[in-house]
Amino acid sequence: MKTSVIFLAATISLVSSAIAAPKKSLLNNDPDVIYLEEHIDRSITLLVVKPTTVYATKKGKSSRRLGAFKANTKVELIAMTDKAYRVKGQASHAGVTGWVNPNHLASKDKDFISNLKKLYERQLIVRELIANKEVAIGMTLDEVRSSLGDPTETEIEQTRDGQSGKWDYVITEELKHYRTVVDPHTGNLYRQLSHVTVEERARTTIKFKDNLVTSL
């Protein structure tokens, strides 16, 4: 089992406080698009600070124009790429869901937009790790489970400082043992199954604290 040492969530307040269990989205078949509902258990509202055009696809001007949001319009963030946000809000003519320029949006939290970018970069890494059945420091336990499945053994400790413990993934192999037996009628020798043992071949131990992997 291959492991990676990367710090995925330590500096992202948006992630550490609200990250959710990974969910499958029927909409998300684009490897460049991160849908927020898959990772965050709350809606995210942004403010339009500059009039912005809404487009049908992430390609922007090369796609169909759906309308425009006026300045000071509140919109809900649905999905994102590194260059475009998919949002839902009230345009000048009707409610619209489409792609806009991220530079035309803002949040009351001055670090929020930069944290969103970190979240996007993080989730692309996690998506690739899960696809390759790998794990990394900084992944959540739900992400580990999505990558490797349920652990073979678990150990959890609850203290005043939070919850910590470890998950073990054990690979075993059945070994058949035989004995030599003499046929009482013919005197011929033959092998007879004696017993079967299960032996450990490999073990990966994942330690965690407060739902985040701390060591491998």
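Because the structure is a prediction, the values reported are computed rather than measured.

Here is what the cut-offs are and how they apply
Residues numbered from 1 in each chain as written. Predicted model: local features only at pLDDT ≥ 70, side-chain atom pairs only at ≥ 80, totals over all residues. Heavy atoms only, no water. Helix = DSSP H or I, 4+ residues; strand = E, 2+ residues; numbered from the N terminus. Buried < 20%, exposed > 50% of the residue type's maximum accessible area, 1.4 Å probe, protein only. Contact = heavy atoms within 4.5 Å. Areas by Shrake-Rupley, 256 points an atom, 1.4 Å probe, with all protein chains shown as cover. Pairing = 2+ DSSP bridges. Axes fitted to C-alpha atoms, helices over the stretch in contact; angles between N-to-C directions. Phe/Tyr/Trp six-rings, centres within 6.5 Å; stacked < 30°, edge-to-face > 60°. Nonpolar A, V, L, I, M, F, W, Y, C, P; charged D, E, K, R; others polar. Arc of directions from axis to C-beta.

Student: Hey, could you run me through the overall build of the protein chain in this one?
Tutor: Looking only at helices and strands, the protein chain has three helices and 14 strands in total. Here the protein chain holds 216 residues, and 37% of them are scored as buried. For the protein chain, contacts bridging at least 24 residues in sequence account for 55% of all contacts bridging at least 6. Here the protein chain has roughly 13400 Å² of accessible surface; of this, 49% comes from carbon and sulfur atoms.

Student: Would you take a moment to explain unusual backbone geometry for this structure?
Tutor: Negative phi values dominate among residues other than glycine, just as trans dominates among peptide bonds. A positive phi is found at Lys 133, a non-glycine position, where the angle reads about 55°. Even without a glycine there, the phi angle at Asn 211 is positive, about 75°. Relative accessible area serves as the criterion here: at 31%, Asn 211 is assigned to the partly exposed category.

Student: In this structure, what is going on with the sheet that holds strand E12 (residues 162-182)? I would like to understand it.
Tutor: The strands making up a sheet associate through hydrogen bonds between their backbones, and the pairing can be parallel or antiparallel. Reading across the sheet, the four strands line up as E11-E12-E13-E14 and stay open at both edges, with antiparallel pairing between neighbours. Edge strands, defined here as strands with exactly one partner in the open sheet, are strand E11 (153-159) and strand E14 (212-215). Pairs of neighbouring strands in the sheet enclose a mean axial angle of 35°, with direction left out of account. Inspection of the sheet shows strand E13 (residues 189-209) paired to E14 by three bridges, in the antiparallel sense. Paired with Lys 207 across the two strands is Ser 215, which belongs to E14.

Student: Looking at this structure, I do not really get the side chain of Thr 52. What am I missing?
Tutor: Structurally, Thr 52 can be placed in strand E4 (residues 52-55). Classification of Thr 52 by relative accessible area gives buried; the value is 3%. Excluding residues that lie within four positions of it along the chain, Thr 52 makes contacts with Gly 67, Ala 68, Phe 69, Val 100, Asn 101 and His 104.

Student: Looking at this structure, how should I read the packing of aromatic side chains?
Tutor: The description of an aromatic ring pair rests on the distance of the ring centres and on the angle between the ring planes. Applying the stated rule across the entire model yields one aromatic pair. Judged by centre distance (6.1 Å) and plane angle (70°), the ring pair of Trp 167 and Phe 208 falls under edge-to-face. Of the two residues, Trp 167 sits in strand E12 while Phe 208 sits in strand E13, which places them 41 residues apart along the sequence. Exposure class is identical for Trp 167 and Phe 208. Each is buried.

Student: Before we go on, may I ask you to explain the packing of helix H2 (residues 112-131) against helix H3 (residues 141-148) in this structure?
Tutor: The description of two packed helices rests on the angle between their axes and on the distance between the axes. Two elements in contact, H2 and H3, have axes whose closest approach is 8 Å; the angle formed by their N-to-C orientations is 35°. In contact with Arg 122, Gln 123, Val 126, Leu 129 and Ile 130 of H2, H3 contributes Glu 143, Ser 146 and Ser 147. Its residues placed into classes, the contact of H2 with H3 shows three nonpolar, three polar and two charged.

Student: Would you mind going over the pairing of E13 with me for this structure?
Tutor: In summary, the side chains of a regular strand alternate between the two faces of the sheet. In this sheet, E13 lies alongside E12 in antiparallel orientation, the contact comprising 19 bridges. Each bridged residue has a counterpart across the sheet, and for Glu 174 the counterpart in E13 is Val 198. In sequence, E12 turns back onto E13 through a hairpin of six residues, with Gly 187 there showing a positive phi of about 80°. Counted along the chain from E13 to the antiparallel partner E14, the turn is two residues long, and its residue Asp 210 has a positive phi close to 50°.

Student: Honestly, H3 in this entry has me stumped. Any pointers?
Tutor: Turn by turn, an α-helix covers 3.6 residues, leaving residues three or four places apart pointing in a common direction. Of all the positions in H3, only Leu 141, Glu 143, Val 144 and Ser 147 are classed as buried. Buried residues of H3, seen end-on, are gathered within an arc of 155° and therefore sit on one face of the element. At its buried positions, H3 is contacted by H2, strand E10 (135-136), E12, E13 and E14. Once H3 ends, the next one or two residues include Gly 149, with phi positive near 90°.

Geometry only, nothing functional implied.
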